[in-house]
Amino acid sequence: MSETNGSLLSIDSGTPMPPIASARFAIGDVVRHRLLDFRGVIFDVDPVFANSDEWYDSIPVDMRPAKDQPFYHLLAENSDSTYIAYVSQQNLVADDSDEPVDHPGISGLFDSFDAGRYRLKPNHRH
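Residues numbered from 1 in each chain as written. Predicted model: local features only at pLDDT ≥ 70, side-chain atom pairs only at ≥ 80, totals over all residues. Heavy atoms only, no water.

### Some remarks on unusual backbone geometry
Here is step 1: In this model, aspartate 98 sits at a positive phi of 65 degrees, which is unusual for a non-glycine residue.
Here is step 2: When you line up the elements, aspartate 98 lands in the loop between β7 (92-94) and α2 (106-109).
Here is step 3: We note that alanine 115 has phi near 55 degrees; this positive angle belongs to a residue other than glycine. (Helix = DSSP H or I, 4+ residues; strand = E, 2+ residues; numbered from the N terminus.)

### A short note on the pairing of strand β5 (residues 71-77)
Here is step 1: Counting buried positions along β5 gives seven out of seven residues, so the element sits mostly inside the fold.
Here is step 2: With burial as the criterion, each face of β5 is covered, one bearing Phe71, His73, Leu75 and Glu77 and the other bearing Tyr72, Leu74 and Ala76.
Here is step 3: The pairing of strand β4 (residues 39-46) with β5 spans seven bridges and is antiparallel. Opposite valine 41, over in β5, you have leucine 75 as the bridge partner.
Here is step 4: Relative to strand β6 (residues 82-88), β5 is paired through seven bridges, and the arrangement is antiparallel. If you follow leucine 74 over to β6, its bridge partner there is alanine 85.
Here is step 5: Count of turn residues in the β5/β6 antiparallel hairpin: four residues. (Buried < 20%, exposed > 50% of the residue type's maximum accessible area, 1.4 Å probe, protein only. Pairing = 2+ DSSP bridges.)

### Section: the sheet that holds β7
Here is step 1: Read from one edge of the open sheet, five strands run β6-β5-β4-β3-β7, paired in antiparallel fashion. The two strands at the open ends of the sheet, each matched to only one other strand, are β6 and β7. Geometrically, the sheet is characterised by an average inter-axis angle of 45 degrees between neighbouring strands, direction not taken into account. (Axes fitted to C-alpha atoms, helices over the stretch in contact; angles between N-to-C directions.)

### Focus: the nonpolar core
Here is step 1: Listed in full, the 10 residues of the largest apolar core are Phe25, Val31, Phe38, Ile42, Tyr72, Leu74, Ala76, Ala85, Val87 and Leu92.
Here is step 2: Of all the secondary-structure elements, those providing two or more residues to this core are β5 and β6.
Here is step 3: Here this core takes three residues from β5, the largest share from any one element.
Here is step 4: With eight residues, the next largest nonpolar core counts Val41, Val101, Ile106 and Leu120 among its residues. (Core = buried A, V, L, I, M, F, W, Y, C linked by side-chain atoms within 4.5 Å.)

### Looking at the side chain of arginine 39
Here is step 1: Tracing the sequence through the fold places arginine 39 in strand β4.
Here is step 2: Taking relative accessible area as the criterion, arginine 39 reaches 9% and is therefore assigned buried.
Here is step 3: At 3.1 Å, the side chain of arginine 39 forms a polar contact with the side chain of aspartate 95.
Here is step 4: Of note is the side chain of arginine 39, whose polar atom sits 3.3 Å from the side chain of serine 97. (Polar contact = N/O pair within 3.5 Å; in protein donor to acceptor, adjacent residues only side chain to side chain.)

The structure is reproduced here in structure tokens:
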């Protein structure tokens, strides 16, 4: 990599590299949304925003998170249903309830729940 005018460039393309984002949460962690009433277990992490512009633009401007932070894929639940959620790091907090998440997708990815977090099945580990 080389540096030009204070920004890092990739060796092969000359495209500026994004700043390195630090993920606060890990796969298997149980988290809550900071503003909305749902919680979930993390099953994937994007280092920066990696969803569609249409999805991003559907968020009210005053609630729109920055794109240059980790975004998490959650097996989520609220009092009415279960679903998959895509949430910015700034909108998540650790869930300290020690209660498991009730989502039908959990058994396909995780094999146990202990000390407030899920353990990924061995065939899904890198």
